[in-house]
Amino acid sequence: MADVLYKLIADALRDEIINGSLAPGDDVPTEAELGARWNASRGPIRNALAVLRSEGLIETTRGRPSRVVSRKTSQPVDVYVPFTRWAKGFGRTPGAHTEQVSLKRADEAASRALRIEPGSLVVQLIRLRLLDRVPTMLERTTFTETVGRLLFQADLDGGSITEYLATHGHVFSGVHHEIDAVAADELDTRLLGVQPGSPLLRLQRTSEDEHGVPFEFSDDRYRPDVVRFTIDATGRQRNGEHLIQPKATDAGVGA
């Protein structure tokens, strides 16, 4: 019963935070207040608060009640979770607006990531992603031609492309991520609603099928006031290499 109760308490408090009843900066009801409201002992109350702390919704400072923090959502980068599923799992409402989907020639970055000849035909998708109607991430995704042509028949704003492609036999089995920061360009500025040149978190992703063949390369740019990246890794891959490896840029070599 206690296991069920702490989840109910956590769900109720999470709902209050999401709907604004508990706003950033507000104190969370004390353990005594929550205990009286739920007729619960300290155990379930503390477990519920621990869940909300782990989700980044509240923080606790010694000597004062827990407090609601800014709703900056955590995005794990050591695994690949489709944006739609990730948002729903965090209690947020995902949204999408497709700016462009077109057949074009692969540039140098895409051809290198997809291991195809420069100038090969590819399909590029430019799509704005939203959380609770707030512009959050702009994705520029390049697909190999065979896979990308499936998008011309898809409802790109109505669901997960990852899950759509999986139903057509293109399953994401391996993912390589690189993270850096870039200045917002004209398109970022217009669609994300940020100032020109302001810093954005960039996650570049190369996805491979079950045979290790890459079929998607994405340049995803996130507003840092909305999303943060988290890493929760076991340390090493099966071959002994570190899961998280630093990579020097050309500008940093020899500095």
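Residues numbered from 1 in each chain as written. Predicted model: local features only at pLDDT ≥ 70, side-chain atom pairs only at ≥ 80, totals over all residues. Heavy atoms only, no water.

In terms of regular secondary structure, the protein chain is built from eight helices and 10 strands. Sorting the 255 residues of the protein chain into buried and exposed places 40% on the buried side. For the protein chain, the exposed surface amounts to about 14,300 Å²; the carbon and sulfur share of it is 50%. (Helix = DSSP H or I, 4+ residues; strand = E, 2+ residues; numbered from the N terminus. Buried < 20%, exposed > 50% of the residue type's maximum accessible area, 1.4 Å probe, protein only. Areas by Shrake-Rupley, 256 points an atom, 1.4 Å probe, with all protein chains shown as cover.)

Right, let's get into the confidence of the model for the protein chain. For the protein chain, the mean per-residue pLDDT works out to 83, and 82% of the residues sit at or above 70. Considering only residues more than four positions removed or in separate chains, one finds that residues 248-255, a stretch of pLDDT under 50, has zero contacts. (pLDDT = per-residue confidence, 0-100. Contact = heavy atoms within 4.5 Å.)

With respect to the element layout, Phe172 can be found in the loop between helix 7 (161-166) and strand 7 (174-183). Residues Phe172 and Glu208, 36 residues apart in the sequence, show an inter-C-alpha distance of 5.9 Å.

Our focus in this paragraph is the pairing of strand 9 (residues 214-222). The element strand 9 is largely enclosed, with a buried count of nine among its nine residues. Where strand 6 (residues 134-144) meets strand 9, seven bridges bridge the pair, whose relative direction is antiparallel. Residue pairing for strand 9: Phe143 is matched across the bridge by Glu216. Inspection of the sheet shows strand 8 (residues 199-208) paired to strand 9 by eight bridges, in the antiparallel sense. Across the sheet, Ser207 pairs through a bridge with Glu216, a residue of strand 9. What sits between strand 8 and strand 9 in their antiparallel hairpin is a turn of five residues, with Gly212 showing a positive phi close to 80°. (Pairing = 2+ DSSP bridges.)

What follows concerns the nonpolar core. Residues Ile9, Leu13, Ile17, Val28, Ile45, Leu49 and Ile58 are the most contacted members of the largest nonpolar core, which totals 16 residues. The greatest single-element share of this core, amounting to five residues, is contributed by helix 1 (residues 2-18). Contact partners of Leu13, with chain neighbours within four places excluded, come to Leu22, Val28, Pro29, Leu34, Arg37, Leu49 and Leu52. (Core = buried A, V, L, I, M, F, W, Y, C linked by side-chain atoms within 4.5 Å.)

Moving on to the environment of Glu99. Here Glu99 lies in strand 4 (residues 94-105). A residue is classified by how much of its surface remains accessible, and Glu99, at 32% relative accessible area, is partly exposed. Linking Glu99 and Arg140, residues 41 residues apart in sequence, is a C-alpha distance of 9.9 Å. Contact partners of Glu99, with chain neighbours within four places excluded, come to Ile126, Arg127, Arg190 and Leu191.

Mapped onto the elements, Ser102 comes out in strand 4. Polar contacts involving the side chain of Ser102 include one to the side chain of Gln100, which spans 2.9 Å. Among residues more than four places away in sequence, those in contact with Ser102 are Val122, Val123, Gln124 and Phe152. (Polar contact = N/O pair within 3.5 Å; in protein donor to acceptor, adjacent residues only side chain to side chain.)

Below, the discussion takes up the side chain of Gln124. Mapped onto the secondary structure, Gln124 falls in strand 5 (residues 121-131). With residues near it in sequence (within four places) discarded, Gln124 still touches Gln100, Val101, Ser102, Lys104, Thr141 and Thr142.

Strand order across the open sheet formed by six strands is 4-5-6-9-8-7, with antiparallel pairing between neighbours. Because the sheet does not close on itself, it has two edges, and the strands there are strand 4 and strand 7. Across the sheet, the mean angle from the axis of one strand to that of its neighbour is 15°, orientation sign disregarded. (Axes fitted to C-alpha atoms, helices over the stretch in contact; angles between N-to-C directions.)

With that out of the way, let us pick up the pairing of strand 6. Within strand 6, nine of the 11 residues are buried, which leaves it mostly tucked inside the rest of the structure. Both strand 5 and strand 6 contribute to a ladder of 10 bridges, which runs antiparallel. From the neighbouring strand, Arg127 faces strand 6, where its bridge partner is Glu139. The turn joining strand 5 and strand 6, which pair antiparallel and follow one another in sequence, is formed by two residues; a positive phi near 50° is taken by Asp132.

All right, on to the pattern of salt bridges then. Two side chains with opposite charge may pair up if their charged atoms get near one another. The final tally for this structure, using the stated rule, is 21 salt bridges. Salt-bridge contacts for Glu59 lead to Arg67; the nearest nitrogen and oxygen are separated by 2.6 Å. A salt bridge links Arg140 to Asp188; its shortest N-O distance comes to 3.0 Å. With Arg140 in strand 6 and Asp188 in helix 8 (residues 186-192), the pair connects residues that are 48 residues apart, well separated along the chain. As far as burial versus exposure is concerned, Arg140 and Asp188 are alike and both buried. (Salt bridge = Lys/Arg side-chain N within 4 Å of Asp/Glu carboxyl O.)

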